[in-house]
Amino acid sequence: MQTIQIPDGHQVVILSNDLLAVLNGLTDWHTINEPTIRQVANYIGISVEKIKKDLKSQHCLLRIAKKGSKGRGNETVFIKSTVELYKNNRI
């Protein structure tokens, strides 16, 4: 068994491969084809509520590909190319 020295100020976390795949999918923007409102919020670094508020403005550059219905599991999906426009030109 090999022992690895952990530098001061760092910690090691052991994750299963399944959990690692899920976490990478949440953070890896390049692999996302149709981002949900949560993924857009994480990518831009703002809250979901801020995006919802901005969508009410007629000048919002973010475009919806598929509107989510009320209830769990039905999230709004956006056109990915408009996310960059929105990020760079937010109100």
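Caption draft 1: Region of the structure containing the overall build of the protein chain. When its secondary structure is counted, the protein chain shows four helices and two strands. Looking at the 91 residues of the protein chain, the share that counts as buried comes to 23%. Once local pairs closer than 6 in sequence are excluded, the contacts in the protein chain between residues at least 24 apart make up 51%. Carbon and sulfur atoms provide 51% of the accessible area of the protein chain, an area that totals close to 7,500 Å².

Caption draft 2: Region of the structure containing the pattern of salt bridges. Overall, the coordinates contain one salt bridge when judged by the stated rule. One salt bridge connects Lys50 with Asp54, and the closest N-O pair in it is separated by 3.0 Å. In this pair, Lys50 and Asp54 are both assigned in helix 3 (residues 48-55), four residues apart and thus about one turn of the helix distant. Given the relative accessible area of 6%, Asp54 is considered buried.

Caption draft 3: A look at the packing of aromatic side chains. Taken as a whole, this structure holds one aromatic pair when the rule is applied. Centroid distance Trp29 to Tyr43: 4.0 Å. Interplanar angle 10°. Geometry classified as stacked. Of this pair, Trp29 sits in the loop between helix 1 (17-27) and helix 2 (37-44) while Tyr43 sits in helix 2, and the two are 14 residues apart along the sequence. Take Trp29: its relative accessible area is 9%, and that puts it in the buried class.

Caption draft 4: Main features of a nonpolar patch on the surface. On the surface, Val13, Leu15, Leu19, Leu20 and Leu23 cluster together into a nonpolar patch covering about 410 Å² of accessible area. Inspection of the secondary structure assignment puts Leu20 in helix 1.

Caption draft 5: Molecular detail of the packing of helix 2 against helix 3. Contact geometry of helix 2 with helix 3 gives a least axis separation of 9 Å together with a crossing angle of 105°. On the basis of their axis angle, the class for helix 2 and helix 3 is roughly perpendicular. Two secondary-structure elements touch here, helix 2 through Ile37, Arg38, Val40 and Ala41 and helix 3 through Val48, Ile51 and Lys52. The residue inventory of the contact of helix 2 with helix 3, partitioned by class, reads five nonpolar, no polar and two charged.

About the thresholds
- Residues numbered from 1 in each chain as written.
- Predicted model: local features only at pLDDT ≥ 70, side-chain atom pairs only at ≥ 80, totals over all residues.
- Heavy atoms only, no water.
- Helix = DSSP H or I, 4+ residues; strand = E, 2+ residues; numbered from the N terminus.
- Buried < 20%, exposed > 50% of the residue type's maximum accessible area, 1.4 Å probe, protein only.
- Contact = heavy atoms within 4.5 Å.
- Areas by Shrake-Rupley, 256 points an atom, 1.4 Å probe, with all protein chains shown as cover.
- Salt bridge = Lys/Arg side-chain N within 4 Å of Asp/Glu carboxyl O.
- Phe/Tyr/Trp six-rings, centres within 6.5 Å; stacked < 30°, edge-to-face > 60°.
- Patch = residues over 30% accessible without salt bridge, like charges linked within 9 Å, V, L, I, M, F, W, Y side chains within 5 Å.
- Axes fitted to C-alpha atoms, helices over the stretch in contact; angles between N-to-C directions.
- Parallel < 35°, antiparallel > 145°, perpendicular 65-115°, else oblique.
- Nonpolar A, V, L, I, M, F, W, Y, C, P; charged D, E, K, R; others polar.

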